[in-house]
Amino acid sequence: MEQSDHTTMDSKELKGKRVLVTGGTKGGMGEAIVKRLAKAGATVITTARTTPDELKESKLFIQADISTPEGTAKIVEYVLEQFGGVDILVNNVGGSSTPTGGVLLQSDEDWQRTFDTNLFAAVRLDRGLLPPMLKQGNGVILHITSIQRRFPGENTMAYSAAKAALGNYSKALATELAPKGIRVNSVAPGFTETKAAERLIERMAQERGCDYKDARKILMDSLGGIPIGRTARPEEIAELVAFLVSDRASYIVGAEHTIDGGIVRTI
Ligand SMILES: NC(=O)c1ccc[n+]([C@@H]2O[C@H](COP(=O)([O-])OP(=O)(O)OC[C@H]3O[C@@H](n4cnc5c(N)ncnc54)[C@H](OP(=O)(O)O)[C@@H]3O)[C@@H](O)[C@H]2O)c1
């Protein structure tokens, strides 16, 4: 389907805002969010484990493995030193790299790595970057969870549990910080065909001895199909994020926003 941009975008909406989006490379949601918020006028800093060539000299890129305390400490230190903090923090990094195909294949290390990446990275970054937000009395924090938070994936059990914990933590944080001028919310995407999602399908294909198309079908079937008839584009998730971090969403606090083309059928 032809992609069209129906958005009326205000290129000054986020002017003067310092933003950190984790995982803003490799063409996924993170990169789409970086581009969308930069188009709205924000100064957007991003992170990843590998440094893309075009960001080698950039003051707006931090190389760090977010799944370790050292990685998040490096990000916090750099942001505080170079920018004095951020006004908007989008915790985007997450994902599943554990073996698919059942509970007995999941080791302690798999569970730990999954929680480190999907939960503790956000907890540590929020804690590290909150002091200047609290001092200025305003800020926005977003957590990218997943529909798997309440619709556990057969092939991604540890990931679903970690995202459930992230959603729960996000709600508690929102309640604590709202009286202090900081809005916390979460976004729960459905199936978005990013490079990271493609890697999951490739792994499933390898582990099941089938091809990519069949593995993709297994994944789609496990979701019960997508009522809207297609997977999401990263830009569609970025559009929701752009709204939630802006003042247009000034009364939205502690809410999870599902964006899944209708996959989750329950209310
Ligand atoms: N794709 C989906 O269908 C889907 C559905 C629901 C929820 N989500 C959630 O949405 C978020 C974005 O997912 P996405 O698929 O669009 O991925 P993405 O934004 O493309 O994320 C990949 C980015 O994260 C970085 N990254 C990965 N692991 C990292 C680590 N340990 N430390 C630092 N950076 C790391 C990658 O760079 P390096 O590899 O160089 O580190 C890359 O920049 C995730 O939280 C995911 O769980 C995705």
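Residues numbered from 1 in each chain as written. Predicted model: local features only at pLDDT ≥ 70, side-chain atom pairs only at ≥ 80, totals over all residues. Heavy atoms only, no water.

Draft legend 1. Representation of the confidence of the model for the protein within the structure. Looking at the protein as a whole, the pLDDT averages 94, with 97% of positions reaching at least 70. Looking at the elements of the protein, mean pLDDT is at its lowest for helix α5 (residues 195–208), recorded as 88, and at its highest for strand β4 (residues 88–91), recorded as 99. (pLDDT = per-residue confidence, 0-100. Helix = DSSP H or I, 4+ residues; strand = E, 2+ residues; numbered from the N terminus.)

Draft legend 2. Seen up close, the nonpolar core. L20, I75, V86, L89 and I141 are the most contacted members of the largest nonpolar core, which totals 29 residues. Broken down by secondary-structure element, the contributors of at least two residues to this core are α2 (69–83), α3 (108–136), α4 (157–177) and β6 (182–189). Counting residues per element, this core draws most heavily on α3, which supplies nine residues. If you look at the next biggest cluster of nonpolar residues, it comprises 26 residues, including I144, A232, L240 and V241. (Core = buried A, V, L, I, M, F, W, Y, C linked by side-chain atoms within 4.5 Å. Buried < 20%, exposed > 50% of the residue type's maximum accessible area, 1.4 Å probe, protein only.)

Draft legend 3. Quick look at the sheet that holds strand β3 (residues 61–63). Here seven strands make up an open sheet; going across it, the order is β3-β2-β1-β4-β5-β6-β7 and the pairing parallel. The sheet is open, and its two borders are formed by β3 and β7 (256–259), each paired with just one other strand. Within this sheet the neighbouring strands show an average axis-to-axis angle of 15°, counted without direction. With four bridges joining them, β6 and β7 adopt parallel strand pairing. Directly across from P189, in β7, lies its bridge partner I259. Contacting β1 (18–22), β2 (43–48) and β3, α2 runs over the sheet at an angle of about 150° to β3. Helix α7 (residues 234–245) rests against β4, β5 (139–144), β6 and β7 of the sheet, and its axis sits at about 165° to β6. (Pairing = 2+ DSSP bridges. Axes fitted to C-alpha atoms, helices over the stretch in contact; angles between N-to-C directions. Contact = heavy atoms within 4.5 Å.)

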